[in-house]
Amino acid sequence: MAGDDKYPESTGRRRFVKGVVGSATLAGVGTAGAAGLKSATAPGSGGGGITTFKGVKNTGGPAPRGMPQIPIEIDEEGYLKGMFPEAEEKMINNKPVTVAEKEIAGLTYSPKWFQYCGVQTYKGVRPEADMDNYFRYKDSDKYDWQNEEAESGDKVHVDDFSDYEEWGNGIGESGLGKPAMVTWRSQDVPSSQTLTVQVIRSKNVEKMAEEDDWMKASTQKGFMAFLNKCTHFCCVPAYKGLAGAAKFNAEDASYCPCHQSTYDPYTIVEKDFLALPRTESE
Ligand code: FES
């Protein structure tokens, strides 16, 4: 892609180790019935409460809502990061509270977007957790290209997706988008606290960014990312990662094998949900 020419050829970022993807066990809580819990999850008890987020649309199955997007940044060397707002202290209800919030295209983006399914206990969602925000390849049994071309722990680079316009793996239609399974804000934490993220580069994303302010602000060079945690019972879906998805007409969707929920990465919706309060100590 012409826009990638300024980035140096990637070297030394090739090799990979197979492994398994873990899942949390705690389901999210829908907005319905949330009002009674709101006071228990207000700022000051770890930054929960009713939260509006943008995410990939849930298109089928029992999942109650989409999976939250992570806005993308690309550094000057071509490595991908997920935006995470700067932590700052605010007085809320006369108490100092550390928050991380950023206005993006008229919406408040914060770690509350990710506080469901046990993720609210992860160090990576704490505003004060000092992490570099780079996406890194993780062990994956979903994508052969990762196994062959990258090593677990390598930072994700634009050049790794240079074939995104024609990429395919025999699942669904080729040329729709090239995916990777990565980690975010998860260095030096127990494996049970790993934030698993789906990154996709697609011409569809480029088009969406031309037509929508949020997508323009939250994606770069056709790259998008979202927390890969099913909002039903917290399994790990995959975009074009499971051949069995075809049985459910989900070969071109993000498909969750646990109970057949499907998500469309190329339809972004705005939803409310009840973010659970973070755990603030080890
Ligand atoms: S559909 Fe049940 S956990 Fe994903």
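Cut-offs and rules
Residues numbered from 1 in each chain as written. Predicted model: local features only at pLDDT ≥ 70, side-chain atom pairs only at ≥ 80, totals over all residues. Heavy atoms only, no water. Phe/Tyr/Trp six-rings, centres within 6.5 Å; stacked < 30°, edge-to-face > 60°. Helix = DSSP H or I, 4+ residues; strand = E, 2+ residues; numbered from the N terminus. Buried < 20%, exposed > 50% of the residue type's maximum accessible area, 1.4 Å probe, protein only. Lys NZ or Arg CZ within 6 Å of the ring centre and 35° of its normal. Core = buried A, V, L, I, M, F, W, Y, C linked by side-chain atoms within 4.5 Å.

Caption draft 1: Spotlight on the packing of aromatic side chains. Summed over the entire model, instances satisfying the criterion amount to 15 aromatic pairs. Measuring from ring centre to ring centre gives 5.4 Å for Phe 53 and Phe 273, while their planes differ by 80°; the resulting arrangement is edge-to-face. Of this pair, Phe 53 sits in strand E1 (residues 49-60) while Phe 273 sits in strand E15 (residues 261-275), placing them 220 residues apart in sequence. A relative accessible area of 2% places Phe 53 in the buried class. For Phe 273, a relative accessible area of 1% corresponds to the buried category. Here the aromatic rings of Tyr 109 and Phe 114 are separated by 6.1 Å at their centres, their planes lie at 80°, and the arrangement is edge-to-face. Neither residue differs from the other here; Tyr 109 and Phe 114 are each classed as buried. Cation over ring: Arg 65 sits above Tyr 116, and NZ or CZ is 5.0 Å from the ring centre. Positioned above the aromatic ring of Trp 145, the side-chain terminus of Lys 178 is 3.9 Å from the ring centre.

Caption draft 2: Structural detail: the nonpolar core. With 57 residues, the main nonpolar core has Leu 80, Phe 114, Phe 135, Trp 184 and Val 199 as its most contacted residues. A total of five residues in this core trace back to one element, the largest contributor, which is strand E12 (residues 223-227).

In short, the description is geometric, and any link to function would need to be established separately.
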